[in-house]
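Structural features, examined
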Amino acid sequence: HPASFAKELADRFEAAKDHVEQPTNDDDSSVEDSSFVVGEIDTLDNYPNLVDFVWADDRPAVPKSPFRVHPIEYAGKSVADKIEIIRETMRNKKATFTVFSALDDIAYLFNMRATGDIATCPVGIAYATISNNEVFLYCDEAKVVSDDVQSHLKEAGVTVKLYDDIVPEMEAHMADTKNAKIWIEKARSNYALSRIIPVRKLIDAQNAVTPMKACKNEAEMEGMRRAHIVDGVAMAHFIAWLQNVIVNEGRSVSEVEIDEVLTGYRAKQPGFVEVSFPTIAGVGPNGAIIHYSAKKDSDLLKYLDITNPILIDSGGQYKYGTTDVTRTWHFGEATSEFIDAYTRVLKGNIGVDSMIYPEDTPGFVLDVFARKSLWEGGLDYGHGTGHGVGAALNVHEGPQSISPRWANKEVLKKGMVLSNEPGYYVDGKFGIRIENLLEVSYVNDEDNEAYDQELKEGDEGFPEKPVGQRTFLKFRRLTMIPIQKNLIDVSMLNTAELDWLDSYHEEVYAKVAPLLENDSPAMVWLKKSCEKIERN
C-alpha cells in the first residue's frame, strides 16, 4: 500500500540483514555502514526498470515548457535572499550540499513558473542543488532560452546544467569534498537520487524551502488576496448566468458545459493563466464522488436542472495567486435532509474559521470543530478538512493540514494558507461541501507588523510579552464568494454564527462589487446574495 510502502520496504531490508554475510573487521568495506550490504538489493542495478518496459516505445517525450520569471512584486523575496537563508540553514545542519527535486520547491526557490509540464501546476521539470559556493539548476536547455530568464538566473548566480547531470554532480561532490554531507528530503525525492548517498553522508530532513514556501510573505499574501477577489468576480458572473439559464430559461445544463463556462469567466480576469486543478462539477449523485470529473461521452454525465443540487469545486491559477473554492448550489426546492446536512456543514466551516488558538497548535487539533455539528447529527465525512495552498503555485501544498490524521504534527504558523472544506456525502443521492481558503494571522496587530518586517525576538520593535504569555493566531478569509442562504436552516444557527454569515457577506460585497458593472446580472445576483439573512 502506498501509505505504508516505505516502512514495509525498510522492515524487509532490516530482516534481510540476518541472511547477508557481514564484513569482518579487517575487511576494507567495514568503513562503510554495514547496513549498506543490504543496499546491494537494488532494483536499478542489473535489472530493467519495469515502468520503462511497460512504456516501451509509446512513452511521450519529457515536456520542455519554458520557464518564465515570477516578478519580485509577487514573489516578495529575491532568489539571492532565499539562497542565503538556505546556506545559513545548511551551516547549522553542517550540510555541504543540498538537493531539491520537488518541482514546486524549485519554482519557489528560483522565482520562476512554467505552464505545460504538469497540468494545472505552474512548475517546470527540473532539479536544483546548492553548495557553499555554487547553485545549479538542472533542466532542458529549451526551458531557459528567453533573455529574461537567462538574465534573471545570472543575476542570482545560478548556473544551468543539463537535467541528467544531477547524479554525476552529486557523486563528484561526495568524491571531492572532505566530510561531505548531502541534505536531501527522501520523502520528497526520487530513489535514483537518494540511493547514491551513503548513510554516513546523508542528512534526511525537511528541506529549507518548505517552511519558507509555506509561510507567505506580505507580497505573496497580497497576491493571494487579489486572486480571490477577481475569482469572486468570475463566480458572480458565472452563478448569475447559471441561475438565469436554469430558473428563468428552464434549460438543463450539462456538467461539461458548466465547467467550460466557469473557466471562460475566470479566463476574462486579469492575470489568469489556467485552472488550478480540473474542475469538479457534480450534479446530484455525482456530487458524492469526491474527485469526480465530467466527460462528454461518460455514462455518468448528468445535466443540472431545478430538481438536483450541484457541487462545484474549482479554482484558478493567476500570475499573482492561486484559488480553490467549493460551493454547493440548489436552484429548486431542497429536501429537509439536504438542508439539515448543508446547515451542519456550514456550522463546521464557521467553527474552524472562527477559531482563536495559540502558536504551536498542529492542524489536526482544529479538525474536530469542523465535524462537531455533523457528529451531533450522526454524520461525518471521509476526507481531511484542510490542505495547504501555494502562492501562484500548487493548489495542494504541505506541510500543513487540518485533518483527523494526527500523524501530521506540523504546527500552524503566521502566513500559511489552508483550505477549510467540511462536507457530507450520500452515495447515489448528493454531495455537500463548503470550502473557503484562509490565511493564518496573528490576533494582535503588532505581531503581524513584526512578521511583515521580518523582525526576530531581540530585534528593536519586536513585541515584548510578559513571561508566560502566549501568542495567539486566528484565520482571515481569502475566498470572496457568497454562501447560498436559502439552503440554511436558520433555527440551527446561533447568534454568533448568524453574525459571522452577515459579516462574511458584507466583506464579500465590499471587495467584489467595485469590480462589477452597476445593474449587471452579476451585480444584481451579488447584491441579493450578500443581503443580511432573515432571522427567526
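Residues numbered from 1 in each chain as written. Predicted model: local features only at pLDDT ≥ 70, side-chain atom pairs only at ≥ 80, totals over all residues. Heavy atoms only, no water.

1. With respect to the overall build of the protein chain
A tally of helices and strands in the protein chain yields 16 helices and 24 strands. For a compact globule of 536 residues, the expected C-alpha radius of gyration is about 24 Å, and the protein chain comes in at 26 Å, within 12% of that figure. In terms of overall dimensions, the protein chain has C-alpha extents of about 85 × 60 × 50 Å along its principal axes. Taking all 536 residues of the protein chain together, 52% fall into the buried category. Total accessible area on the protein chain is roughly 26,100 Å²; 51% of this is exposed by carbon and sulfur atoms. Positive and negative side-chain charges in the protein chain, numbering 57 and 86 respectively, have mean positions lying 2 Å apart. (Helix = DSSP H or I, 4+ residues; strand = E, 2+ residues; numbered from the N terminus. Rg over C-alpha atoms; globule rule 2.2 N^0.38 Å. Buried < 20%, exposed > 50% of the residue type's maximum accessible area, 1.4 Å probe, protein only. Areas by Shrake-Rupley, 256 points an atom, 1.4 Å probe, with all protein chains shown as cover. Lys, Arg positive; Asp, Glu negative; His and termini not counted. Charge placed at Lys NZ, Arg CZ, Asp CG, Glu CD.)

2. Section: the confidence of the model for the protein chain
Per-residue confidence for the protein chain gives a mean pLDDT of 92; residues scoring 70 or more make up 91%. In this model residues 20-41 is a low-confidence stretch, pLDDT under 50, and it forms 23 contacts with partners more than four residues away in sequence or in other chains. (pLDDT = per-residue confidence, 0-100. Contact = heavy atoms within 4.5 Å.)

3. Let's talk about the pairing of strand E21 (residues 423-426)
With burial as the criterion, each face of E21 is covered, one bearing Gly423 and Tyr425 and the other bearing Tyr424 and Val426. What sits between the antiparallel neighbours E21 and strand E22 (residues 430-433) is a turn of three residues, in which Gly428 has the positive phi angle 85°. (Pairing = 2+ DSSP bridges.)

4. Examining the pattern of salt bridges
In total, this model carries 33 salt bridges according to the counting rule given. Of the charged contacts in the structure, one is a salt bridge between Arg188 and Asp105, with a shortest N-O distance of 2.5 Å. You can see Arg188 sitting in the loop between strand E7 (182-183) and helix H8 (191-194) and its partner Asp105 sitting in helix H5 (residues 103-109), a full 83 residues away along the chain. Classification of Arg188 as partly exposed rests on a relative accessible area of 28%. Of the residues examined, Asp105 reaches a relative accessible area of 0% and is grouped as buried. The shortest N-O distance in the salt bridge between Glu531 and Lys528 comes to 3.7 Å. Overall, Glu531 belongs to the partly exposed group, its relative accessible area being 40%. (Salt bridge = Lys/Arg side-chain N within 4 Å of Asp/Glu carboxyl O.)

5. A few points about the domain arrangement of the protein chain
Taken domain by domain, the protein chain holds domain 1 (67-213) and domain 2 (218-530). Distance from the C-alpha centre of domain 1 to the C-alpha centre of domain 2: 33 Å. In this assembly, domain 1 packs against domain 2 so that about 1,600 Å² is buried in total across both faces, 51% of it on carbon and sulfur atoms. With a shortest N-O distance of 3.9 Å, Glu397 and Lys213 are connected by a salt bridge. Across the contact surface, domain 1 and domain 2 share six residue pairs in polar contact (both at pLDDT 80 or more). Of all the secondary-structure elements, those providing two or more residues to the side of domain 1 that touches domain 2 are helix H3 (72-75), H5 and helix H9 (209-214). (Domains from an automatic or database assignment. Buried area = accessible area lost by both parts, 1.4 Å probe. Polar contact = N/O pair within 3.5 Å; in protein donor to acceptor, adjacent residues only side chain to side chain.)

6. Focus: the pairing of strand E20 (residues 417-420)
Side chains Val417 and Ser419 of E20 all project onto a buried face; the interleaved residues Leu418 and Asn420 project onto the opposite face, where all are buried too. Sheet analysis places E20 next to strand E23 (residues 436-442), joined by four bridges and oriented antiparallel. Note that in E23 the partner of Leu418 across the bridge is Leu438.

7. Concerning the sheet that holds strand E15 (residues 321-322)
The strand order across the open sheet formed by three strands is E10-E14-E15, and the pairing between neighbours is antiparallel. Each edge of the open sheet is held by one strand with a lone partner, namely strand E10 (272-275) and E15.

8. Some details on helix H14 (residues 445-452)
Those residues of H14 not exposed but buried are Asp447, Asn448 and Ala450. Here the buried residues of H14 occupy an arc of 160° about the axis, which is enough to place them on one side. Those residues of H14 hidden inside the fold are in contact with E23. Looking at the residues trailing H14, positive phi occurs at Glu454, about 60°. (Arc of directions from axis to C-beta.)

9. Considerations on the nonpolar core
Ranked by internal contacts, the top residues of the largest apolar core, which has 84 residues, are Phe238, Leu242, Ile258 and Phe475. Tallying contributions element by element places helix H10 (residues 218-248) first for this core, with twelve residues. With 33 residues, the next largest nonpolar core counts Ile86, Phe100, Ala156 and Ile203 among its residues. (Core = buried A, V, L, I, M, F, W, Y, C linked by side-chain atoms within 4.5 Å.)

10. Comments concerning the side chain of Thr279
For Thr279, the location among the structural elements is in the loop between E10 and strand E11 (280-283). Among the polar contacts listed, one links the side chain of Thr279 to the side chain of Asp259, at a separation of 3.4 Å.

11. Digging into the UniProt feature "domain: Peptidase M24 C-terminal" (unreviewed entry) in the protein chain
Mapped onto this numbering, the UniProt entry annotates "domain: Peptidase M24 C-terminal" (unreviewed entry) at residues 472-533. Secondary structure content for residues 472-533 is 44% helix and 10% strand, and the end C-alpha separation is 31 Å. (UniProt positions renumbered as here; feature names shortened; annotations may be inferred.)

12. Focus on the environment of Glu218
Residue placement: Glu218 occurs in helix H10. The exposure class of Glu218 is partly exposed, given its relative accessible area of 31%. C-alpha of Glu218 to C-alpha of Glu359: the two residues are 141 residues apart in sequence and 19 Å apart in space. With near-sequence residues (within four places) excluded, Glu218 lies in contact with Arg225 and Asp452.

13. Quick word on the environment of Asp324
Relative to the elements of secondary structure, Asp324 occurs in the loop between E15 and strand E16 (325-329). Taking the C-alpha atoms as reference points, Asp324 and Glu435, separated by 111 residues in sequence, lie 7.8 Å from one another. Non-local contacts of Asp324, meaning those with residues more than four positions away in its chain, are made with His228, Phe277, Asp313, Ser314, Gly315, His387, Val395, Glu435, Leu437 and Thr479.

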